[in-house]
Amino acid sequence: MMDARLPGIGGLPPGTHPVGEKESLFERFPWLYAFCRDHLFQDDTPRITRALWPSGAPGEGSVLLELGCGPGFYARRLAGDLPQLRVTGIDLSGKQLERARALATADGLGNCSFERGDVYDLDRPDASAGALVASRLFTILADRETALEEMHRVLEPGGRCFVAEPCSALRASVPLHAMWMLAGALTFLGDKPRAYQEPARVSVMTGGEFDALIASQPWKDVRRWQSGRYRYAVCEKGGG
């Protein structure tokens, strides 16, 4: 999912909201976002594999996290391609995670799990992950640098993170726009009006903003490039 800082709220079950709290479009229409992820977004799985392990396959038991995983697109594909990995997808949308777990179970992926978590405050020890994937994560995050700081914190020395962000606001807005349109149509048809957490539009970084975000952490090595509709960065943590 694009924004990994969505409900549940305050430890309440997914889909449960205290009075006055806004709901999430990703919780109300999980199937719509999952359709966009599976059928409209680019599949960078081979590029991720080459970027994270340029010298060969990961070692047995290596830990990979997909942050803001939504329906677990990359978590499931990487777990299937690389059975030696231990893959965990992290998101705060309970319904997105339900779908991700069901798909992983259907595919027989015993090395792939999913958990609720906040990218601003990951429930992971320092230096506990060998690799991270963050695709389309930053488009509606309010505090991008804090999320990237958390990514740097949980990476092992020598570990790499793969970041992919869309260049086109028009294309990046498709899932969010579709969910807002559906919510509006249901209200027009008699559904009670609801307030949602998500902004009316996504925020796509310029090349300079993307470079500045990546440079906000003390990486040992960084490779950045643009290809087609996406900007990419592969960042290696130093130390150790």
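So, here's what we can say about the structure. Treat the numbers as computed from the prediction; the structure is a model and nothing was measured.

### A short note on the nonpolar core
Piece 1. In this structure, L52, L64, C112, F114, F162 and M179 are the most contacted members of the largest nonpolar core, which totals 41 residues.
Piece 2. For this core, the element with the most residues is helix α4 (residues 73-81), which contributes 5 residues.
Piece 3. If near-sequence neighbours (up to four positions away) are discounted, M179 is found in contact with L25, F26, F29, L32 and Y33.
Piece 4. Core analysis: the next-biggest nonpolar cluster, separate from the first, contains 27 residues, V119, L132, A134 and A233 among them.

### A word on the sheet that holds strand β7 (residues 230-236)
Piece 1. Across the sheet, 7 strands lie side by side as β3-β2-β1-β4-β5-β7-β6; this open sheet has mixed pairing. Because the sheet does not close on itself, it has two edges, and the strands there are β3 (112-116) and β6 (221-227). Between one strand axis and the next, the sheet turns through 15 degrees on average, direction left out of account.
Piece 2. Inspection of the sheet shows strand β5 (residues 155-166) paired to β7 by 7 bridges, in the antiparallel sense. Following the sheet pairing, P166 is matched in β7 by Y230.
Piece 3. The strands touched by helix α5 (residues 94-106) are β2 (86-91) and β3; relative to β3, the strand with the most contacts, the crossing angle is about 170 degrees.

### Observations concerning the pattern of salt bridges
Piece 1. Inspection of every chain in the model, using the stated rule, returns 11 salt bridges.
Piece 2. D191 serves as the salt-bridge partner of R28, at 2.6 Å between the closest nitrogen and oxygen. Placement of R28 in helix α1 (residues 25-28) and of D191 in the loop between α8 (174-188) and α9 (207-215) is noted, with a sequence separation of 163 residues between them.
Piece 3. Residues D43 and R77 are paired through a salt bridge, measuring 3.8 Å at the closest nitrogen-oxygen approach. Of this pair, D43 sits in the loop between α2 (30-39) and α3 (45-52) while R77 sits in helix α4; the two residues are 34 residues apart in sequence, bridging distant segments of the chain.

### As for the pairing of β6
Successive side chains on a regular strand alternate, one facing one side of the sheet and the next facing the other.
Piece 1. As paired elements, β6 and β7 share 7 bridges and run antiparallel to each other. Across the sheet, the residue bridging to R223 is V234, located in β7.

### Focus on α8
Piece 1. With 15 residues, α8 extends 21 Å from end C-alpha to end C-alpha; this agrees with the ideal 21 Å at 1.5 Å per step.
Piece 2. Restricting attention to buried positions, one finds in α8 the residues P175, L176, M179 and A183. Angularly, the buried residues of α8 cover 100 degrees about the axis, an arc narrow enough to put them on a single face. The outward face of α8, more than 90 degrees from its buried face, is lined by the exposed residues M181 and F188.
Piece 3. Looking one or two residues past α8, G190 carries a phi angle of roughly 120 degrees, positive in sign.

### Overview of the packing of aromatic side chains
Between two aromatic rings, the relevant description is the distance of the centres plus the angle of the planes.
Piece 1. Taken as a whole and assessed by the stated rule, the structure comprises 5 aromatic pairs.
Piece 2. Residues W180 and Y196 carry aromatic rings whose centres are separated by 5.6 Å and whose planes lie at 90 degrees to one another, so their mutual orientation is edge-to-face. Residue W180 is located in helix α8, and its partner Y196 is located in the loop between α8 and α9; the two are separated by 16 residues in the primary sequence.
Piece 3. By relative accessible area, W180 is classed as partly exposed at 28%.
Piece 4. An aromatic cluster of at least three residues, connected via ring pairs, comprises F162, W225, Y230 and Y232.
Piece 5. Over the aromatic face of F73 sits the side chain of R77, whose NZ or CZ is 3.5 Å from the ring centroid.

What counts, and where the lines are drawn
Residues numbered from 1 in each chain as written. Predicted model: local features only at pLDDT ≥ 70, side-chain atom pairs only at ≥ 80, totals over all residues. Heavy atoms only, no water. Core = buried A, V, L, I, M, F, W, Y, C linked by side-chain atoms within 4.5 Å. Buried < 20%, exposed > 50% of the residue type's maximum accessible area, 1.4 Å probe, protein only. Helix = DSSP H or I, 4+ residues; strand = E, 2+ residues; numbered from the N terminus. Contact = heavy atoms within 4.5 Å. Pairing = 2+ DSSP bridges. Axes fitted to C-alpha atoms, helices over the stretch in contact; angles between N-to-C directions. Salt bridge = Lys/Arg side-chain N within 4 Å of Asp/Glu carboxyl O. Expected span 1.5 Å × (residues − 1). Arc of directions from axis to C-beta. Phe/Tyr/Trp six-rings, centres within 6.5 Å; stacked < 30°, edge-to-face > 60°. Lys NZ or Arg CZ within 6 Å of the ring centre and 35° of its normal.

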